[in-house]
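The chain contents come next:
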Amino acid sequence: MRRKESPWPDRVYKTLKAAGVRQVGYVPDAGHKRLIELCLADRELDAVVLSTEEEGIGLAAGAWLGGVRGALLMQSSGVGNCINALGMTRECRFPLLMLITMRGQFGEFNPWQVPMGQATPGVLSAMGVVVHEANAADEIAPTVDAAARLAFGSCQAVAVLIAQGVIGIKSFQEQASR
Amino acid sequence: MTIALRRRQVVEILLRKRKDLLVVAGLGSTAWDITAAGDSPLSFPLWGAMGNAAMIGLGLALAQPARRVLVVTGDGEMLMGLGSLATIGVQQPRNLSVVVIDNERYGETGMQATHTASGVDLAKVAHACGFGSARQVREAAELGALRAAIHGAPGPHFAQVKVVAEKLPLVLPPREGGLLKTRFRRALLGAGADLA
């Protein structure tokens, strides 16, 4: 019998730890709920709740200035908030690792999520962020691993887009119950 | 109430004998102010990313808990990132200070009035966000205590320093972002920073 694998957020958490990440900025998000809980429980990590996503761009820049690797957890609806701050990331060549759960994409039930979700890869690319897409649960941790190597090894801004199909929230009722 | 403090003198006093202090400056006048006080590789003057200075300071303060970190920024820049005061309030970094040089104007774009000109009290906002030490400064006699807090007392500290609205000669730091990042990391972390 095949051994049951741990859930993808647990594997992503281990990947972030192995990559040496010590600061995690996050905007609360249903898709990242488990990963946020793991980060908050880790006394070796600074898990920083943000009031808006662009704060996380500055946080990660400050961490790198101080010799620490950071990661940023958010939902695709927050990507637009980051655009001007990403200009600093690019001009300074700060490493940046963004893990973005997608909305407005696969079976979306909230029409207000669709414009930003559909524009997410394009606007990130326009600001010089390398976009990696993870479309199945098994792909997420290996993709985060590669993204972390690219970000910190090559001083790049990298976003991992975690597909809505993986998150699997299909209704307001389901979202509220998580 | 009349405002008599001059921004360049305020920043010069706060940065005097700065030793190991790590400094982040918001774009525009405060970047010129810290440069007029003496450029240092341990200064990170911003040329963009308006609204993000305090957050860069937070990331740095959490990464370097044994060092003192000072963010010097303008009232317009701080107003654009008010949420970051709440974020810092949650984290309570003891080594971080945020000083707003408040001339009640957008100095780089034609001296238009900012919200503080209409009475918005940033020190009260910071206090409400969890800065146990949050003050408004109007007198030169208060600067010594502020400098002492920045350099040693447990924070986080916040100060809104009311200064004269004036146009001053530009004193520009280096512009290139990659250079500013690399010189800062080398000065703080040593030559190994390039290989990290």
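It should be noted that the structure appears before, not after, this text.
Residues numbered from 1 in each chain as written. Chains lettered and ligands numbered in written order. Predicted model: local features only at pLDDT ≥ 70, side-chain atom pairs only at ≥ 80, totals over all residues. Heavy atoms only, no water.

(A) Geometry of the overall build of chain A. Scanning chain A from N- to C-terminus turns up 8 helices and 6 strands. Counting helices and strands in the order they occur from the N terminus, chain A gives α-β-α-β-α-β-α-β-α-β-α-β-α-α. If you line up chain A on its principal axes, its C-alpha atoms span 40 × 40 × 25 Å. Sequence-distant contacts, at least 24 apart, represent 73% of the contacts inside chain A between residues at least 6 apart. When the accessible surface of chain A is summed, it comes to about 7800 Å², and 53% of that surface belongs to carbon and sulfur atoms. (Helix = DSSP H or I, 4+ residues; strand = E, 2+ residues; numbered from the N terminus. Contact = heavy atoms within 4.5 Å. Areas by Shrake-Rupley, 256 points an atom, 1.4 Å probe, with all protein chains shown as cover.)

(B) Main features of helix α5 (residues 114-126) of chain A. Residues and elements named next belong to chain A. With 13 residues, α5 extends 19 Å between its outermost C-alpha atoms, agreeing within 8% with the 18 Å of an ideal straight helix rising 1.5 Å per residue. At Thr120, α5 shows its strongest bend, of approximately 50 degrees, with the proline Pro121 following within four residues. What α5 keeps buried is the set Gly117, Thr120 and Leu124. Tucked into the core, α5 has its buried residues touching α4 (83-92), β4 (96-101), β5 (130-134) and β6 (157-162). Downstream of α5 by one or two residues, Gly128 has phi in the positive range, about 85 degrees. (Expected span 1.5 Å × (residues − 1). Bend = angle between axes of the 7 residues up to and from the residue. Buried < 20%, exposed > 50% of the residue type's maximum accessible area, 1.4 Å probe, protein only.)

(C) The interface of chain A and chain B, seen in detail. Counting residues at the interface gives 29 residues for chain A, matched by 28 residues for chain B. Buried surface at the junction of chain A and chain B, both sides included, amounts to about 2100 Å², of which 61% is carbon and sulfur. For chain A, the biggest contributors to the area lost against chain B are Glu55(A), Trp64(A) and Leu65(A); these three give 26% of the whole. Between the two partners, chain A and chain B, sit 0 salt bridges. For the pair chain A and chain B, the number of links is 12 residue pairs in polar contact (both at pLDDT 80 or more). Elements with a minimum of two residues in the side of chain A that touches chain B: β1 (21-26), β2 (46-49), α3 (54-65) and α4 of chain A. Broken down by element, the residue count for the side of chain A that touches chain B peaks at 8 residues, all from α3(A). Of the residues belonging to the side of chain A that touches chain B, the class tally is 15 nonpolar, 7 polar and 7 charged. (Buried area = accessible area lost by both parts, 1.4 Å probe. Salt bridge = Lys/Arg side-chain N within 4 Å of Asp/Glu carboxyl O. Polar contact = N/O pair within 3.5 Å; in protein donor to acceptor, adjacent residues only side chain to side chain. Nonpolar A, V, L, I, M, F, W, Y, C, P; charged D, E, K, R; others polar.)

(D) Representation of the sheet that holds strand β8 (residues 157-162) of chain B within the structure. Residues and elements named next belong to chain B. Here we have 6 strands laid out as an open sheet, ordered β2-β1-β3-β4-β8-β7, and parallel in their pairing. Both edges of this open sheet fall to β2 (43-45) and β7 (133-137), since each of them pairs with a single strand only. Each strand axis lies, on average, 15 degrees off the axis of its neighbour in the sheet, ignoring direction. Alignment of strand β4 (residues 96-102) against β8, held across 6 bridges, turns out to be parallel. Bridge pairing links Val100 to Gln160 in β8. (Pairing = 2+ DSSP bridges. Axes fitted to C-alpha atoms, helices over the stretch in contact; angles between N-to-C directions.)

(E) Structural context of unusual backbone geometry. The peptide bond linking Gly155(B) to Pro156(B) adopts the cis configuration, its omega dihedral lying at 10 degrees. One non-glycine residue, Cys155(A), lies in the positive phi region at around 50 degrees. Tracing the sequence through the fold places Cys155(A) in the loop between α6 (137-154) and β6. The phi dihedral of Lys19(B) falls on the positive side, at around 50 degrees, and the residue is not glycine. For Lys19(B), a relative accessible area of 70% puts it in the exposed group.

(F) Broad picture of the nonpolar core. Grouped together as the largest cluster of nonpolar side chains are 92 residues, with contacts concentrated most on Met98(A) and Phe158(B). At 8 residues, the largest contribution of residues to this core is made by helix α3 (residues 53-63) of chain B. Apart from residues no more than four positions distant in its own chain, Phe158(B) is found in contact with Met78(B), Leu85(B), Val98(B), Val100(B), Leu122(B), Ala123(B), Ala126(B), Phe131(B), Ser133(B), Ala134(B) and Arg135(B). (Core = buried A, V, L, I, M, F, W, Y, C linked by side-chain atoms within 4.5 Å.)

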